[in-house]
Amino acid sequence: QGDAGLGFINLAQRLKQSFDEACSDMKIHEELAAYYVLQDFKNHSRPHKQELLKVLKDLRQLVYKNPPNGEVEAMVFFEEPVDPEVFADYRDIIQKPMDLRKISKKIDEGSYMTY
């Protein structure tokens, strides 16, 4: 029984060593991946103006092609500023209102940092 116990301890030690090596390899891979993601972010932190316009176009297509229950009229709320006379408490709830038209104007004016 003593030899069996030593064999088990040896096996456990080898498994632990393999596990530690695998963890060390994973840590190196994680650090490399994080480094490359960070470098990519630093190099491409600002989108091109055309990329922003494409995202806006895609958003509009999504909103108008897939309206809830086919209510295309309701999608106008995303296109234009909300009328405070119609929705008196809107500004109490939404501190910084934004609509697709305003986003489009800001892109055209260069208000967003781009290349």
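Residues numbered from 1 in each chain as written. Predicted model: local features only at pLDDT ≥ 70, side-chain atom pairs only at ≥ 80, totals over all residues. Heavy atoms only, no water.

## Focus: the pattern of salt bridges
Inference 1: Under the definition given, this model contains three salt bridges.
Inference 2: The salt bridge involving lysine 54 is made with aspartate 58; its shortest N-O contact spans 2.8 Å. Taken together, the residues span about one helical turn, with lysine 54 and aspartate 58 both in helix α2 (residues 49-65) at a distance of four residues.
Inference 3: Accessibility expressed as a relative area gives 34% for aspartate 58, which makes it partly exposed. (Salt bridge = Lys/Arg side-chain N within 4 Å of Asp/Glu carboxyl O. Helix = DSSP H or I, 4+ residues; strand = E, 2+ residues; numbered from the N terminus. Buried < 20%, exposed > 50% of the residue type's maximum accessible area, 1.4 Å probe, protein only.)

## Some words on the confidence of the model for the chain
Inference 1: Overall, the prediction assigns the chain a mean pLDDT of 75, with 68% of residues at 70 or greater.
Inference 2: Mean pLDDT values for the elements of the chain range from 71 in helix α1 (residues 2-43) up to 87 in helix α5 (residues 100-109). (pLDDT = per-residue confidence, 0-100.)

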